[in-house]
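Residue strings, one per chain:
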Amino acid sequence: MLHKLRSVDKPKPGKTGSLFWPLLFSASLALSPISGPAWGQEAAENNGTTSNLPLLNRLDALEELRQALSLPTSSIQAEAVTLDGRRLFVVTAPQGDPGSLPPVSQRVRSIEQTLHQLASAGFDPEALQVEVTLDGQTNQPVIRVNGRHLLTITSLDAQFQGAQPMDWAEQVAGIVEEALRTSQRERQPQFLRRQAVIALGILAVVGSLSQLCQRKRRRLQQKRDALQTEYQAIQAEIQERLAGEEQPGVDPVLVEQQAGRKRQESYLELQIRLLRLVQIGLWVGGVGVSLGLFPQTRPLQTFFLVSLRGPLLRLTGVGLATYGSVWLSGLVLDNLFAALRQEQNAPTYRLSKRLSTFASVSKGVAATTLVLLGSLAGLASVGVNIGPLVASLGFIGLGISLAAQDLIKDVINGLLILIEDQFAEGDVIVVDGRGGLVEHMDLRLTQLRNTEGSLISIPNSAIRVVENLSNGWSRVDLGIVIAYENDLEQAIRITEQVALQMYREPAWREKILEPPEMHGVDDLGERGITLRIWIKVQPLQQWRVAREYRRRLKHAFDQAGIQIPFPQQTLWFHSPLEMRIQGLSPEETHRLLHLMESRLEARLRERDPVPSDLTK
């Protein structure tokens, strides 16, 4: 039985069917993803029927078909037939044996191979005949193209589409005829030349936009390099100011300038990376669209599109989104704490250190949270049910809390240290006899760098009593010891005058906050008299001020003749010393010593005789 084919509208030349090419930055491109209905949908709509289900709802249709046929889950498989990268229609087949090629894939491969041979061999479009006949044995519709068997429409195929076998066979026949006509037309030299011109135009536009991005990126890199040079210059100035100091102290203005350069550098680095991604997106999108313009390369475009829809693409997208979120969160937090600094009329070094510590800890917490959320999103993107996992996080957290109580104590104590401002990064502290510069601090531990360069790591839970030597202000507390023979009033006056002279000098006035306090005699000890003086200074400046003050005071004491005591001893003997030689009596020992003394004097006279004028 031969059925006449229903007339269908021909698609416009050059149409790329259901093309969809994801562009990373489509807003910056003149190109946009091209999408359209599948060939099967076109035929169904043009034939006035709504029985053909969209291919996007294949899973729902498969489930309904399984339920209608009372088949177990995953017992029916469906796959689309394509020609030149375009989806035509969907065929179905029962699931085969595990480990072998599924029957539906074998069926699709056979149909596509026949269609490709017909399209490549060339034919007269006017003589093309697509017939639908009934098989006498199976009573199933069979589609033939120019007398060549193409496929048999099974009952599963028709039920999957929600139509009768013959009706669906006629629709498939119309789809195949239009697809072959379009394929033959797209292989003509005139069409290929026109598509080549379009492809060259697209690539030319992409190249021009990429060149503009490259120039912009080069200018941004030059600005970034200039900021890095300024940052290094500020760092060198800070190191120069710290040169010769036993403990570091930093000017808050330099700290703000350094932080500002770092933020600007981060902005430029973000723009440079975005422009690099835009360039990649331009070329990927331009080449992808160009591949879709030709029937010979359109299957390659479809292959990449199908590959990009897999779990690898989703995991890559989640990873890039997580990385970008961590980067942006750090940038936002830096700007937030920078705004908090600017709200202060005169930001102090203490405030700068505290905000820097808060910013560092906040970025760490934000990064950890975003990575955890990104991991959950990645698992969900590959089909893992994260509902039970999220529900079990409470029990996991309880188990972790019981197994890692010290870690929880560290985190809680770290939060209290930050909130109470006990110390911050850049402070000099002493914890249980271990002192040094706070080089790094987070919610878990605090790391100190001592004067020998050793890095000391202390868990926050172990910090009970801490001495902060640089919070707010510091003090030079000197006990100066002088000898008892000195003029006490003169020594007190010189000690105070040297300190006041340093206070009046502009170079030291920046470091000394208040006039020195002379407390006078503090102790009368065994070595001498102790004089006590206090000098209030900027944080971390007490060591430098004390060294300079001691140097000046030594010179002043030398000029005034004031002696600094040194250890000495005087021996008193209540009776003359007696010398005895073993085996001799005291009288014999005395005579022997007298004889030795006489001989020694004689030898001295022989060596250095006395002048004759002195003997007269």
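For the structure, see preceding data.
Residues numbered from 1 in each chain as written. Predicted model: local features only at pLDDT ≥ 70, side-chain atom pairs only at ≥ 80, totals over all residues. Heavy atoms only, no water.

1. Concerning the overall build of the protein chain
And step 1. Tallying secondary structure elements over the protein chain gives 17 helices and 13 strands in all.
And step 2. Taken across its 616 residues, the protein chain has 37% of its residues classed as buried.
And step 3. When contacts within the protein chain are restricted to residue pairs at least 6 apart in sequence, those whose partners lie at least 24 apart make up 66%. (Helix = DSSP H or I, 4+ residues; strand = E, 2+ residues; numbered from the N terminus. Buried < 20%, exposed > 50% of the residue type's maximum accessible area, 1.4 Å probe, protein only. Contact = heavy atoms within 4.5 Å.)

2. A few points about the nonpolar core
And step 1. By size, the foremost hydrophobic cluster in this structure holds 31 residues, and its most contacted members are Phe 89, Leu 115, Leu 151 and Leu 180.
And step 2. Taken together, the elements giving at least two residues each to this core come down to β1 (76-83), β2 (86-94), α3 (103-121), β3 (130-134), β4 (141-145), β5 (148-152) and α5 (165-186).
And step 3. Excluding anything up to four places from it in sequence, Leu 115 contacts Val 81, Leu 83, Leu 88, Leu 150, Val 176 and Leu 180.
And step 4. Core analysis: the next-biggest nonpolar cluster, separate from the first, contains 26 residues, Ile 482, Ile 492, Tyr 503 and Val 537 among them. (Core = buried A, V, L, I, M, F, W, Y, C linked by side-chain atoms within 4.5 Å.)

3. Topic: the packing of aromatic side chains
And step 1. Counted under the stated rule, the structure contains zero aromatic pairs.
And step 2. A cation over an aromatic ring shows up here: Lys 511 above the ring of Trp 508, its NZ or CZ 5.7 Å from the ring centre.
And step 3. Sitting above the plane of the Trp 473 ring, Lys 536 keeps its charged end 4.4 Å from the centroid. (Phe/Tyr/Trp six-rings, centres within 6.5 Å; stacked < 30°, edge-to-face > 60°. Lys NZ or Arg CZ within 6 Å of the ring centre and 35° of its normal.)

4. Topic: the pairing of β4
And step 1. The buried fraction of β4 amounts to four of the five residues, a majority that puts the element mostly inside the structure.
And step 2. Direction of pairing for β3 relative to β4: antiparallel, over a ladder of five bridges. Across the sheet, Glu 131 pairs through a bridge with Arg 144, a residue of β4.
And step 3. Connecting β3 to the next strand, β4, in antiparallel fashion are six residues, including Asn 139 with a positive phi near 60 degrees.
And step 4. Strand direction decides the pairing type here: β4 and β5, joined by four bridges, are antiparallel. Paired with Arg 144 across the bridge in β5 is His 149.
And step 5. Between β4 and β5, which pair antiparallel in sequence order, lie two residues; one of them, Asn 146, sits at a positive phi of approximately 55 degrees. (Pairing = 2+ DSSP bridges.)

5. As for the sheet that holds β3
And step 1. Strand order in this open sheet of three strands is β3-β4-β5, and the pairing throughout is antiparallel. At either margin of the open sheet sits one strand with a lone partner, and together these are β3 and β5. The sheet shows a mean angle of 30 degrees between the axes of neighbouring strands, taken without regard to direction.
And step 2. In the packing of α3 onto the sheet, the strands contacted are β4 and β5, and the crossing angle to β5 comes to about 150 degrees.
And step 3. Across the sheet, α5 touches β3, β4 and β5, and the angle it forms with β4 is around 15 degrees. (Axes fitted to C-alpha atoms, helices over the stretch in contact; angles between N-to-C directions.)

6. Structural notes on the environment of Leu 336
And step 1. One can find Leu 336 in helix α9 (residues 311-343).
And step 2. Using a relative accessible area of 45% as the deciding quantity, one classes Leu 336 as partly exposed.
And step 3. Between the alpha carbons of Leu 336 and Ala 359 there is a distance of 8.8 Å; along the sequence they are 23 residues apart.

7. What to know about helix α13 (residues 488-504)
And step 1. Between the first and last C-alpha of α13 there are 25 Å, a value that for 17 residues agrees with the 24 Å anticipated at 1.5 Å per step.
And step 2. Turning to α13, its buried residues number three or more, namely Ala 491, Ile 492, Ile 494, Thr 495, Val 498, Ala 499, Met 502 and Tyr 503.
And step 3. The N-cap residue of α13 is Asp 487: its side-chain oxygen and the backbone nitrogen of Glu 489 are 3.3 Å apart. (Expected span 1.5 Å × (residues − 1). Polar contact = N/O pair within 3.5 Å; in protein donor to acceptor, adjacent residues only side chain to side chain.)

8. Considerations on unusual backbone geometry
And step 1. A positive phi angle is found at Asp 84, which is not glycine, with a value near 55 degrees.
And step 2. Here Asp 84 lies in the loop between β1 and β2.
And step 3. Despite not being glycine, Asn 146 has its phi angle at roughly 55 degrees, a positive value.
And step 4. Its location among the elements puts Asn 146 in the loop between β4 and β5.

9. Let's talk about the sheet that holds strand β8 (residues 445-449)
And step 1. The strand order across the open sheet built from five strands is β9-β8-β7-β6-β10, with neighbouring strands paired in antiparallel fashion. Of all the strands in the sheet, the pair left with one neighbour each is β9 (455-459) and β10 (466-468). Strand-to-strand, the axes of this sheet are offset by a mean angle of 40 degrees, without reference to chain direction.
And step 2. Bridge count between strand β7 (residues 434-441) and β8: four bridges; the pairing is antiparallel. The residue bridging Val 438 from the neighbouring strand is Leu 448, located in β8.

10. A few points about the environment of Glu 505
And step 1. Here Glu 505 lies in the loop between α13 and α14 (506-509).
And step 2. Only 2.9 Å separates the side chain of Glu 505 from the side chain of Arg 552, close enough to count as a polar contact.

11. Thoughts on the pattern of salt bridges
Any two side chains of opposite charge can pair, on the condition that their charged atoms come close.
And step 1. Overall, the coordinates contain 17 salt bridges when judged by the stated rule.
And step 2. A salt bridge links Arg 532 to Asp 522; the shortest N-O distance between them is 3.2 Å. Of this pair, Arg 532 sits in strand β13 (residues 529-537) while Asp 522 is found in strand β12 (residues 517-524), placing the two residues ten residues apart along the sequence.
And step 3. Three or more residues are tied together by salt bridges with common partners; here these are Arg 224, Asp 225, Glu 269 and Arg 273. (Salt bridge = Lys/Arg side-chain N within 4 Å of Asp/Glu carboxyl O.)

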